[in-house]
Structures are given as C-alpha cells and as structure tokens.
Amino acid sequence: MITFEEILYWLREKSPERLNELWRWADRTRQEQVGDAIHLRGLVELSNHCRRNCLYCGIRASHKTVSRYRLTLEEVLECAKKAADFHYGTLVIQAGEDLKFDEAFITEMIREIKARYPLAITLSLGERSESEWIRWHEAGANRYLLRFETSNNLLFRAIHPVSPDSGGRFGDRIAMLKTLREIGYEIGSGVMIGIPGQSVTDLACDIDLFRQLDLDMIGCGPFLPHPETPLGNLRQDGNEWVSRILDQNGLPAFRFPVAEEPVTGTNEMTFKVYALTRLVCPQANIPSTTAVVTLGGKEGRQNGLCRGANVIMPNLTPTKYRALYEIYPDKSASFESAEETHQKALENIRAIGRFPGSGPGGRVRGDQKEEMPKI
Ligand code: 5AD
C-alpha cells in the first residue's frame, strides 16, 4: 500500500523518466483492477442558477452578467434519450445549488428517466437536505457527487464565503458524503488542483482522504482562473494572495497565505493526482475531466485515461445552454452538439486501444472487471 510519504514524494517528482514509472504503475493497476473498459457518463447541466458564492466559480450568485437558464423536464428527457441512444450506462445530472429545482421536481425527473431508459443516475446538485437525498434515492438515483474541493479547512472556508443570502453555512462535506453512503448511494468526490494557497502537503492529504473515505468515484481537475471571479483576480502582497475584488464589506474577497510549496494547476500535476488516486482507490471510477481537456485537448484527455482514469463524461446539455454553464473560461465542448461530443469521446477511446464500457459501470468490487467484447 502506498504511504503518505510516497504520495508526497511523487507529487514533488519532476523527472520525466521517473514520472513514466508512476504513469505505468497507475495504468497497470487500472488495467488489473477495472480493466480496459471506459465508461461513458452523459452529462446534463440542469441549471446554472446558484445560491452560493464560491470564489472560483463562474456561475457564482454574484456574477451578474451570466444569463441564467433552467432545463425543462422535457429537455432533460431528450438528453436522457440521447444517452440511451449512444449506449451510455449513466446520466449525470449536475447544477448549481438551485433550490427552484425542489424535492418534488427532482423526484419526478428521476422517476421519468428511470421509467423510460435503462440508465443509472448520478446526481450532482450540491448541499441539499438529508430528506431530499433519501427521497431521490428512493425514486431511483444511484450515485451522488459532492466534491470537497480541498481537505484544508482554512482554505475551504476562505474560498466558500458564507452569507445569509447565499445558503448560509457550508456543511461538513465529509460527514455529508458518509450520510449519502448510508442512504445507499455510491459516493463521489474530488478536489481542484492548483487553488491559490493550496500546498503540496494539502494535496497529499486530499488523496489520503480519498482513501479513508473509500470513494466510489473521484473527479479532479486543474483550477482554471475565471476573470470574473475573486480567485481569478489576484495580486501577491508579500506572503499573501489578495483579491482585487471586494466583498460586501468592502474588503478583499480573498486573502490567504501563499503556500510555501504551492501546487501548480497544470495537467501534469493533475495526472499525478489521477495516478496516485488510482493507487489509493484501485477500483474507483475516475474520470479524465473536462478541465483536463480544456487545458490539454484530446491529448490531455487521453493522457488522463492512460495514467489512472477510466471514465469520460461527454456533455449532452443542449448546445444553446452549454456556454452559459461557464464555471471556468473556454470550457471544452461549449459549442458542440451532443453528437459531435459523443463522436470525439469514441475517437479518444479508439485512439488508445480501449473500448466503451457496457451497462451502468458502477463501482467494481473484487474481481468483476469487464473484458473486451469479442468480435
Ligand atoms: N476551475 C476549475 N474547476 C472549477 N470548478 C468550479 N469552478 C472551477 C474553476 N474555476 C469545479 C469545482 C466544482 C466542479 C463542478 O467544477 O470543483 O465542484
């Protein structure tokens, strides 16, 4: 079992030859534990309304110039049909923390999708109440994603400001993930890589926490500065990062010590996280995320899949809404149709000699990996 010190060692490693060993180790582990199938999860960005004010996110409540949208139930069902037509096993429904999508709407949406299509459903709707989570699970939702973003509590609080009109206090996401698991969901989490103020030790603690939580799904990507957000507008003042954007009290919205050993939000650092995550959670589902594609194109996605990842999440959101779900700038696939995004995903899979997974592609346990279909 890889130790905390070894995780730190690899996060610090710079030599390309040594890193090749890490990539090979992770890829071999991925192959042995979950096989060569790449699971496709159709992503539906349900709403870009959000009550929160996370300092890094382009759809934060204070970002007034974004046009806000909500999909109708009919539009969601069209996305679900596409997912089924493309033979995806899972639909991932993601949104800002939008309470207009209340318990009843989401419950009906889940029931309608389940009644029509053989899809597993993953929800990614933020911090909601336990009773909502229970109802949605009863209605047929299978998995829940809630990134904890960073295991450094001080940094978490610095980038997730609390105000009465933005949902009040953030909950203890580690406790929430445990609750979600008890309810019966497969649970997913993850972090951003290269948050200002994040240290290499923080990142090693993040990976160690993935292991402690025994996560079923782990999605991570580089932090990508959005110019319209407080974290996208920083200056360094001595040993501190200070935002040029002010909060409602007229103070810099972010002020945090520069880490002694900062994490750089590069794809290489992200691949180290994918590889180490595969080693600590060998049977987890790990996507090569949109943020990696945004930084490194198809090569980025393919490298992710050869360094620990085994999942792609092609976007199914109707094209007219995609660019509005701008959590960071120039998000990959913002101007494509679902068909184009789908074809690119298949090309990426073929290019690295793997095959699309069949069925829901839930968390593997024991020795149940999928073999390449014989033709
Ligand atoms: N850069 C990178 N990732 C971001 N996310 C939100 N904003 C950014 C950004 N500027 C990530 C968060 C969130 C997920 C949906 O997108 O980790 O949980």
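First things first, this report covers the structure right here in the doc. (Residues numbered from 1 in each chain as written. Predicted model: local features only at pLDDT ≥ 70, side-chain atom pairs only at ≥ 80, totals over all residues. Heavy atoms only, no water.)

Thoughts on the overall build of the chain
A tally of helices and strands in the chain yields 12 helices and 13 strands. For 375 residues, the compact-globule estimate of 2.2 N^0.38 gives 21 Å, and the chain sits close to it at 20 Å. In terms of overall dimensions, the chain has a C-alpha envelope of 65 × 50 × 40 Å along the principal axes. The proportion of buried residues among the 375 residues of the chain is 57%. (Helix = DSSP H or I, 4+ residues; strand = E, 2+ residues; numbered from the N terminus. Rg over C-alpha atoms; globule rule 2.2 N^0.38 Å. Buried < 20%, exposed > 50% of the residue type's maximum accessible area, 1.4 Å probe, protein only.)

Comments concerning empty space enclosed by the protein
Under the counting rule described, the total for this entry stands at one cavity of 30 Å³ or more. Within this model, the largest cavity holds a volume of roughly 1,000 Å³. Lining the largest cavity are 49 residues, and of these Gln94, Ser124, Arg147, Glu149 and Ile327 sit closest to its centre. Of all elements in the fold, only β1 (37-47), β2 (90-95), β3 (120-124), β5 (186-189), β7 (217-218), β8 (221-222) and α10 (290-305) reach the threshold of two or more residues within the lining of the largest cavity. The element contributing the most residues to the lining of the largest cavity is β2, with four residues. Here the residues of the lining of the largest cavity sort into 25 nonpolar, 14 polar and 10 charged. (1 Å grid on protein atoms, 1.4 Å probe; cavity = no way out; pocket = protein on both sides within 12 Å on 5 of 7 lines; lining within 4 Å. Points joined across faces, edges and corners; volume = space filled by probe spheres on them. Nonpolar A, V, L, I, M, F, W, Y, C, P; charged D, E, K, R; others polar.)

Regarding the nonpolar core
Core analysis: the largest hydrophobic core is formed by 101 residues, its most contacted members being Leu11, Leu46, Ile113, Leu123, Trp136 and Tyr185. For this core, the leading source of residues is helix α9 (residues 267-280), giving eight residues. Among all residues touching leucine 123, those that are not within four sequence positions of it are Ile93, Ile106, Ile110, Trp136, Ala141, Arg143, Tyr144, Leu145 and Tyr185. (Core = buried A, V, L, I, M, F, W, Y, C linked by side-chain atoms within 4.5 Å. Contact = heavy atoms within 4.5 Å.)

Some remarks on the site of the ligand
Lining the immediate surroundings of the ligand are Tyr56, Cys57, Arg147, Glu149, Met192, Pro222, Phe223, Leu224, Ile327 and Tyr328. At a separation of 2.8 Å, an oxygen atom of the ligand approaches a polar side-chain atom of arginine 147. Between leucine 224 and the ligand, the recorded distance is 2.8 Å, taken from a backbone N or O atom to a nitrogen atom. Contact with the protein chains hides 88% of the accessible area of the ligand, taken as 400 Å² for the molecule alone. (Near = heavy atom within 4 Å. Polar contact = N/O pair within 3.5 Å; in protein donor to acceptor, adjacent residues only side chain to side chain. Areas by Shrake-Rupley, 256 points an atom, 1.4 Å probe, with all protein chains shown as cover.)

Some thoughts on the pattern of salt bridges
Applying the stated criterion across every chain, the model contains 24 salt bridges. Here arginine 143 ties to glutamate 186 by a salt bridge, and the two come within 3.6 Å at their closest N and O atoms. Pair noted here: arginine 143 is in strand β4 (residues 143-145) and glutamate 186 is in strand β5, with a separation of 43 residues, a long-range link. Taking the relative accessible area as the measure of exposure, arginine 143 reaches 3% and is therefore buried. Residue classification places glutamate 186 among the buried positions, given a relative accessible area of 19%. Residues joined by salt bridges that share partners form a network here, namely Arg51, Arg52, Glu97, Glu127 and Arg173. (Salt bridge = Lys/Arg side-chain N within 4 Å of Asp/Glu carboxyl O.)

A closer look at the side chain of glutamate 75
Secondary-structure assignment places glutamate 75 in helix α3 (residues 73-85). Residue classification places glutamate 75 among the buried positions, given a relative accessible area of 14%. Only 2.9 Å separates the side chain of glutamate 75 from the side chain of tyrosine 321, close enough to count as a polar contact. The residues touching glutamate 75, leaving out its near neighbours within four places in the chain, are Arg70, Lys320 and Tyr321.

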